[in-house]
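Structure assessment
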Amino acid sequence: MTDLHTHILPFTDDGATDFDDALDMAEMAAENGTEIIAATPHFNIPGIQSRSVSEIKDTFEQMKNKIEKNKIDISFVLGMEIFASPTVGEKLDCGELITLNGTRYPLIEFGFSEKKDFIFSVMDDLISRSYTPILAHPERYDCFISDLQSLYELYQMGVVIQINKGSILGRFGRRVQRTADAILCHRLAAVAASDAHSPITRTPDLSEFVRVLDMNYGDGCSPLLLEENPKRILRNEDVFWESPIPFDYQR
Ligand SMILES: [Fe+2]
């Protein structure tokens, strides 16, 4: 499997606290069937001084060496979870922000109470700059919890929708779980990921997630969302789009 969204890189955000913590996460992921793991530290959060891209890349190289030295059988790639602002597109263009593995796919998050008009304007700007944005965990945003048809419209624009392990497993409450369930039932998600923050809570172990995905949404669900599409993204190829079922009602 390929896990495209984790906070495994230490000293960069609220994820792994040090290299030992990060190595525990890498080991846990590998032991449970993850072959490729992307480090996607939080970045561009207002009021928080992010480290520079070169510092992030330096820590990434150190971590990669430690994974090899400890003989952990997992490939390690770099991206970031970019907190959206009106200038995200410009910053990506000039290298102040980076995409997943240098592809056209940036991973983008918003505040949970963000207005949908702003989400649409950021996504529109990124697409006009030839990026294919991945929207991180929309099931956690108030505007989509109350209006899933908007998410269907983002899908139609070409936005890649990524849902979280914890959402489906009920770690963020029933409303988020129900929304994630509806996203999967309507075939809107192209990618799933752990959004792991630690080897103890919010872990990178995908085994229970895979079991629940395949049991509730069909045997092809986890192979598409955790294997085929993430690999296609890292190779800068198009994802497989399913035929989604529109929401013709407001919840
Ligand atoms: Fe995250």
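Refer to the structure printed above.
The notes below deal with the structure included here.

Rules and cut-offs
Residues numbered from 1 in each chain as written. Predicted model: local features only at pLDDT ≥ 70, side-chain atom pairs only at ≥ 80, totals over all residues. Heavy atoms only, no water. Axes fitted to C-alpha atoms, helices over the stretch in contact; angles between N-to-C directions. Helix = DSSP H or I, 4+ residues; strand = E, 2+ residues; numbered from the N terminus. Parallel < 35°, antiparallel > 145°, perpendicular 65-115°, else oblique. Contact = heavy atoms within 4.5 Å. Nonpolar A, V, L, I, M, F, W, Y, C, P; charged D, E, K, R; others polar. Donors = N, O, S within 2.8 Å, 3.2 Å for Na, K, Ca; no water. Tetrahedral: all angles 85-135°; square planar, octahedral: opposite > 155°, others 65-115°. Buried < 20%, exposed > 50% of the residue type's maximum accessible area, 1.4 Å probe, protein only. 1 Å grid on protein atoms, 1.4 Å probe; cavity = no way out; pocket = protein on both sides within 12 Å on 5 of 7 lines; lining within 4 Å. Points joined across faces, edges and corners; volume = space filled by probe spheres on them. Pairing = 2+ DSSP bridges.

Helices that pack against each other are described as a pair by the angle of their axes relative to one another and the distance between those axes. Where helix 4 (residues 116-128) meets helix 6 (residues 148-157), the closest approach of the two axes is 11 Å, and the angle between their N-to-C directions is 5 degrees. Judged on the interaxial angle alone, helix 6 and helix 4 are roughly parallel. Facing Lys-116, Ile-119, Phe-120, Met-123, Asp-124 and Ile-127 of helix 4, the residues of helix 6 in contact are Ser-150, Glu-153, Leu-154 and Met-157. Residues of the contact of helix 4 with helix 6, tallied by class, amount to six nonpolar, one polar and three charged.

Attention now goes to the coordination of the iron ion. Put simply, the ideal angle at a metal is 109.5 degrees for four donors in tetrahedral geometry and 90 or 180 degrees for six donors in octahedral geometry. Here the iron ion is held by the protein donor atoms His-5 (NE2), His-7 (NE2), Glu-81 (OE) and Asp-195 (OD), which lie 2.1 to 2.2 Å from it. Geometry at the iron ion is irregular, judged from its four donor atoms and the angles of 82 to 169 degrees they form at the metal. Site description for the iron ion: donor spacing in sequence, H-x1-H-x73-E-x113-D. Of this pair, His-5 sits in the loop between strand 1 (2-3) and helix 1 (19-31) while Asp-195 sits in the loop between strand 9 (191-193) and helix 9 (207-217); the two residues are 190 residues apart in sequence, bridging distant segments of the chain. With relative accessibility at 0%, the residue His-5 sits in the buried group.

By volume, the largest pocket is sized at about 170 Å³. Taken together, Thr-12, Asp-13, Asp-14, His-42, Phe-43, Ile-45, Ile-48, Gln-49, Ser-50, Arg-51 and Ile-56 make up the lining of the largest pocket. Of the residues belonging to the lining of the largest pocket, the class tally is four nonpolar, four polar and three charged.

What holds strands together in a sheet is hydrogen bonding between their backbones, with the strands either parallel or antiparallel. Pairing is parallel in the open sheet, where six strands are placed in the order 3-5-6-7-8-9. What marks the edges here is a single partner per strand, and that holds for strand 3 (42-43) and strand 9. As paired elements, strand 5 (residues 81-83) and strand 6 (residues 107-109) share three bridges and run parallel to each other. Looking at strand 6, one finds that Phe-83 is bridged to Glu-109.

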